Amino acid sequence: MAITFHKEPSGIYPAYNDCYLQFSSDLTENNKAVISLIGVSESIYTLKDYTIYPDLTGKYLFNVKAIMKALFSIYGFNDQYSEIPTDYVTNGFGESISGGYRVQVFKVAVHNDSTSEFVNKTYSFFKSAKQIGEPVYTNPYQILNRSTNGVDFNLTYFEGYPFAFDLQRVPSGSDIRIKNLNTNITADSIEASSTNAYRVYVDTGTYNWTTTDFLPLTDTINRLEIYNTTDSLIPKTNLNLKKIPSKCGVYLKWFNLDGGYSYWLFDQFTTNTLSARDYSTIATNEFFNINEGFVAPTTLIGKSGKVTMKLNTQVDRNEGINLQSLFTSPSVQMWSSQEPFNDGNWVNVLVSDKYELLNKKDINKISITIDLPELITPTL
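What you see is a predicted model, and the numbers here were worked out from it, not measured in a lab.

K.L.:
Mind showing me how you'd approach the overall build of the protein here?
P.N.:
Within the protein, the secondary structure is distributed over 3 helices and 26 strands. Relative to the globule expectation of 21 Å for 380 residues, the C-alpha radius of gyration of the protein, 27 Å, shows a markedly less compact shape. Considering only C-alpha atoms, the protein reaches an extent of 95 × 65 × 45 Å along its principal axes. Counting only residues that meet the buried cut, the protein has 45% of its 380 residues in that class. Of note, the protein has its 31 positive side-chain charges centred 6 Å away from the centre of its 39 negative side-chain charges.

This is the structure we're talking about:
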């Protein structure tokens, strides 16, 4: 007896895409299959069996997308590692992070009326999405951002604001080293503590690679090579990191389609609009004649208020592609300080407007509107 799979995911599969298991069995007169999750310990998700039935050709088909979405949903989309670690100098500018990469085991059992057979299948998933026609890259050291091949990446970094990039999957115990080809300097190794996504911090908002001499960056495009020195000395990933010297502006961070976080500093000068709305009124219960100081029979409970900001920026081709995911992101946050090298915190905002990019132009102007959290106002 054997279960034969005709369709199944390969590599590290994007969890928000359809993911089909198609299989058949040579078990005599098999008439149903039961799919179970193995090793699920999350308290908000109840382990259950999924019973499916064969089509007329004897094949079973099951989409695991809804299951993986539910398993990843416990982490939400806000960055659970948004707090800046305090041990950079001691442990280096990197750490393993959970919540994005997951290995899941499925038990697939096929039954007839009297017996059954089963097989356990193990698949890897990442908290990301791919568009129709877009390839799933096989490089586990790929940066969680846009790329044409999964190896070469282009990012822009604004000095003096929190900035990091994530590698998709780095095995536990790996020593990651980064070399700047501009200066021929290689940074000290940073170690992965678990097999997970790995975050490389470039700037904490108060100090960074350059100010600590971890890996000095020039105020231009820095050609970086990323190695796992416990594996080989062949670069795993190439990053062209464009450094912008410190300046004021409105700094946004958002969850992107590749399962990481993107950052951008918009222009310092914005258009702010305050919109206010009346709450309902209540009776004053004041019984005066018109000549006895009568004011009004009702009074306002209070008002609500909301501030929107119109932001502008200019981007090159690569930056424009990276910025596109801002408009569809489920989590966008604004850094509370508009000056570099200042302590701040992340504030949730909403993005509106449409995204337009003229691909025949080298430089494009982009405008967006963000809604800040509703104002806290005095009310009755």
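K.L.:
What is the right way to read the packing of aromatic side chains from this model?
P.N.:
The description of an aromatic ring pair rests on the distance of the ring centres and on the angle between the ring planes. If you walk through the whole model with that rule in mind, you get 19 aromatic pairs. Ring geometry for F5 against F23: centres 5.4 Å apart, planes inclined by 40°, an arrangement best described as tilted. Of this pair, F5 sits in strand β1 (residues 3-7) while F23 sits in strand β3 (residues 20-25); the two residues are 18 residues apart in sequence, bridging distant segments of the chain. Looking at F5, the relative accessible area reads 17%, which means it is buried.

K.L.:
How should the pattern of salt bridges be read in this particular structure?
P.N.:
Across all of its chains, the model carries 15 salt bridges by this definition. Two residues, K243 and D219, come together in a salt bridge whose shortest N-O distance is 3.1 Å. Separated by 24 residues along the polypeptide, K243 in strand β17 (residues 237-244) and D219 in the loop between β15 (196-203) and β16 (221-228) bring together distant segments of the chain. What you see here is one network of salt bridges that share partners, running through D79, D166, R199 and K253.

K.L.:
Can you walk me through the pairing of β3 in this structure?
P.N.:
A regular strand places its side chains on the two faces of the sheet in alternate fashion. Burial analysis of β3 places 5 of its 6 residues in the buried class, which makes it a mostly covered element. With 4 bridges connecting them, β1 and β3 associate as antiparallel partners. Its bridge partner being in β3, K7 is matched across the sheet by Q22. Direction of pairing for β3 relative to strand β6 (residues 60-63): antiparallel, over a ladder of 4 bridges. Note on β6: the bridge partner recorded for Q22 is L61.

K.L.:
Quick question: what am I supposed to make of the layout of surface pockets here?
P.N.:
To find the voids left in a structure, one rolls a probe of water-molecule size over its atoms. The space that makes up the largest pocket amounts to roughly 270 Å³. Taken together, 24 residues make up the lining of the largest pocket; nearest its centre are N154, L155, T156, E319 and N322. Elements that contribute at least two residues to the lining of the largest pocket include exactly β10 (152-158), β11 (163-170), β17, β19 (261-266) and α3 (317-323). Residue classes in the lining of the largest pocket are distributed as 12 nonpolar, 8 polar and 4 charged.

K.L.:
Quick question: what am I supposed to make of the sheet that holds β3 here?
P.N.:
Hydrogen bonds along the backbone pair up the strands of a sheet, which may run parallel or antiparallel. The strand order β1-β3-β6 describes an open sheet built from 3 strands, whose pairing is antiparallel. Strand pairing shows two members of the sheet lacking a second neighbour, β1 and β6, which therefore form its edges. Sheet twist, expressed as the mean angle between neighbouring strand axes with direction ignored, is 30°.

K.L.:
Sorry if this is basic, but what is going on with the pairing of strand β26 (residues 364-371) here?
P.N.:
Counting buried residues along β26, 6 of its 8 residues qualify, which places the element largely inside the surrounding structure. Judged from the 8 bridges that link them, strand β23 (residues 303-315) and β26 form a sheet pairing that is antiparallel. Note that in β26 the partner of K310 across the bridge is T369. Here 3 bridges tie strand β25 (residues 346-352) to β26, and the two strands are oriented antiparallel to one another. Residue pairing for β26: L350 is matched across the bridge by D371.

K.L.:
Would you explain helix α1 (residues 65-72) in this entry?
P.N.:
What sets the pattern is the α-helix's 3.6 residues per turn: residues three or four places apart point alike. Buried residues of α1: I67, M68, L71 and F72, and no others. Along the axis of α1, the buried residues cluster in a sector spanning 125°; they form a single face. At its buried positions, α1 is contacted by β4 (32-38), β5 (49-52), β6, β8 (101-111) and β9 (116-126).

K.L.:
It is not clear to me how the environment of V307 should be interpreted in this structure. Could you clarify?
P.N.:
Secondary-structure assignment places V307 in strand β23. Of the residues examined, V307 reaches a relative accessible area of 18% and is grouped as buried. It is 12 Å that separates the C-alpha atoms of V307 and T270, two residues lying 37 residues apart in sequence.

K.L.:
Got a minute to help me understand the sheet that holds β8 in this structure?
P.N.:
In space, the 5 strands of this open sheet follow the order β2-β9-β8-β4-β5, with mixed pairing throughout. In the strand order of this sheet, the two ends are held by β2 (12-14) and β5, each with one partner. Each neighbouring strand pair of the sheet contributes to a mean axis angle of 35°, computed without reference to strand direction. Sheet analysis places β4 next to β8, joined by 7 bridges and oriented antiparallel. Looking across to β8, one finds that V34 is bridged to A109.

K.L.:
Would you mind showing me how to read empty space enclosed by the protein here?
P.N.:
Summed over all chains, the structure comprises 4 cavities of 30 Å³ or more. Taken together, 20 residues line the largest cavity, and the ones lying closest to its centre are Q80, S98, G99, G100 and Y261. Of the residues contributing to the lining of the largest cavity, the split by class is 9 nonpolar, 7 polar and 4 charged. Within this model, the second largest cavity holds a volume of roughly 90 Å³. The wall of the second largest cavity is formed by 13 residues, among which S128, K130, Q142, Q168 and D258 lie closest to the centre.

Calculation notes
Residues numbered from 1 in each chain as written. Predicted model: local features only at pLDDT ≥ 70, side-chain atom pairs only at ≥ 80, totals over all residues. Heavy atoms only, no water. Helix = DSSP H or I, 4+ residues; strand = E, 2+ residues; numbered from the N terminus. Rg over C-alpha atoms; globule rule 2.2 N^0.38 Å. Buried < 20%, exposed > 50% of the residue type's maximum accessible area, 1.4 Å probe, protein only. Lys, Arg positive; Asp, Glu negative; His and termini not counted. Charge placed at Lys NZ, Arg CZ, Asp CG, Glu CD. Phe/Tyr/Trp six-rings, centres within 6.5 Å; stacked < 30°, edge-to-face > 60°. Salt bridge = Lys/Arg side-chain N within 4 Å of Asp/Glu carboxyl O. Pairing = 2+ DSSP bridges. 1 Å grid on protein atoms, 1.4 Å probe; cavity = no way out; pocket = protein on both sides within 12 Å on 5 of 7 lines; lining within 4 Å. Points joined across faces, edges and corners; volume = space filled by probe spheres on them. Nonpolar A, V, L, I, M, F, W, Y, C, P; charged D, E, K, R; others polar. Axes fitted to C-alpha atoms, helices over the stretch in contact; angles between N-to-C directions. Arc of directions from axis to C-beta. Contact = heavy atoms within 4.5 Å.

What is shown is where atoms sit, not what they do.
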